[in-house]
Every structure is written in structure tokens, then in C-alpha cells.
Amino acid sequence: MERLRKYVLVAMVLQLFLVMAAHFSDAVMRTSGLFGAGIPLVVAWLYAGRRELSFGDSSAGGLAIGAVGAFAGILFAILLRDQTWPLLALGTAASAAAGWLGATVAWIIRGKKRKAAD
């Protein structure tokens, strides 16, 4: 559980940095949706790919990594008046799905590598 908290914190900090960068840069603002989903995808991939986790633990971890970071980042963007309230639910769900996808693919690949080594 401690390991998951670290990855959730990393994703949240990266999302907050993304919001700050988007606040000051139109180019980053235009691509913030892509980066906002990419952050949990990569962080969850790293979380699930490096440790022997069950499929359920990998999936739940990926969901948490995506949802918590996105919720904090989008809420911050709303408070900065860069985004609107409807994005809070949609963006959080999209990032949770991206986190789940990253963790699931990493879990599958890790399993294939383990089978190949046997």
C-alpha cells in the first residue's frame, strides 16, 4: 500500500505541474487533455510493471493513480478558472481509465515475460 501511495503522489504532482504549465502556455493548454491522460497511463504502467501484483491489485492501483491525480489537477485548473466544472467528472474518469489501461497492459506484458523465461 505504501508503494501505491508513492505512485499516486507522483501522478498528482505531475498533474499539478501540468496545470501550472497550461495556465501559462497556450500550447500546453491545447494538449493538456493528451498529457493529462498520458501521465496516469505511464505512471500506472511503471507501478504495475515492476512488482509482482495480482491483476486486481494492478487494476485498482491504476485506477487510483489515474483518478486521484486527475481530480486534484482538474480541481486546481477550475480554481484557476482555466477549466469548467463538468470536466471534473469527465477528466477524472478518463484519467482513471488511462491509469487502468496502463496498469493492465503492464501486468499482461509482465506475465508474458515471466512465461517466456520459464
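Residues numbered from 1 in each chain as written. Predicted model: local features only at pLDDT ≥ 70, side-chain atom pairs only at ≥ 80, totals over all residues. Heavy atoms only, no water.

Student: Explain the packing of helix α1 (residues 2–24) against helix α4 (residues 55–79) to me, using residue names and the numbers behind them.
Tutor: With their axes 8 Å apart at the nearest point, α1 and α4 run at an angle of 30° to one another. Here α1 is positioned roughly parallel relative to α4, judged by the angle of their axes. Seen along the crossing, α1 lies across α4 with a hand that is right-handed. For the pair formed by α1 and α4, the contact residues are Leu4, Tyr7, Val8, Ala11, Met12, Gln15, Leu16, Val19 and Met20 on the first element and Gly61, Ala64, Ile65, Val68, Gly69, Ala70, Ala72, Gly73, Phe76 and Ala77 on the second. Residues of the contact of α1 with α4, tallied by class, amount to 15 nonpolar, 4 polar and no charged. (Axes fitted to C-alpha atoms, helices over the stretch in contact; angles between N-to-C directions. Helix = DSSP H or I, 4+ residues; strand = E, 2+ residues; numbered from the N terminus. Parallel < 35°, antiparallel > 145°, perpendicular 65-115°, else oblique. Left-handed = near helix turned anticlockwise from the far one by under 90°. Contact = heavy atoms within 4.5 Å. Nonpolar A, V, L, I, M, F, W, Y, C, P; charged D, E, K, R; others polar.)

Student: Go over the nonpolar core with me, naming the residues and quoting the values.
Tutor: The biggest cluster of nonpolar side chains holds 14 residues, and the ones touching the most others in it are Val43, Tyr47 and Ile65. Every element with two or more residues in this core is listed here: α1, α3 (32–49) and α5 (86–117). (Core = buried A, V, L, I, M, F, W, Y, C linked by side-chain atoms within 4.5 Å. Buried < 20%, exposed > 50% of the residue type's maximum accessible area, 1.4 Å probe, protein only.)

Student: Explain the environment of Thr31 to me, and be specific about the residues and the numbers.
Tutor: If you trace the backbone, Thr31 turns up in the loop between α2 (26–30) and α3. You can call Thr31 partly exposed: its relative accessible area is 30%. Sequence spacing of Thr31 and Phe76 is 45 residues, and the spatial spacing of their C-alpha atoms is 17 Å.

Student: Report on the packing of α3 against α4, specifying residues and quantitative values.
Tutor: At their nearest, the axes of α3 and α4 sit 9 Å apart, and the two run at 150° to each other. Relative to α4, α3 is oriented roughly antiparallel. Judged by the sense of rotation from one axis to the other, the crossing of α3 with α4 is right-handed. Contacts between α3 and α4 involve Pro40, Val43, Ala44, Tyr47 and Ala48 from the former and Asp57, Ser58, Gly61, Gly62, Ile65 and Gly66 from the latter. Considered class by class, the residues forming the contact of α3 with α4 number 6 nonpolar, 4 polar and 1 charged.

None of the figures reported here should be taken as evidence of function without further support.
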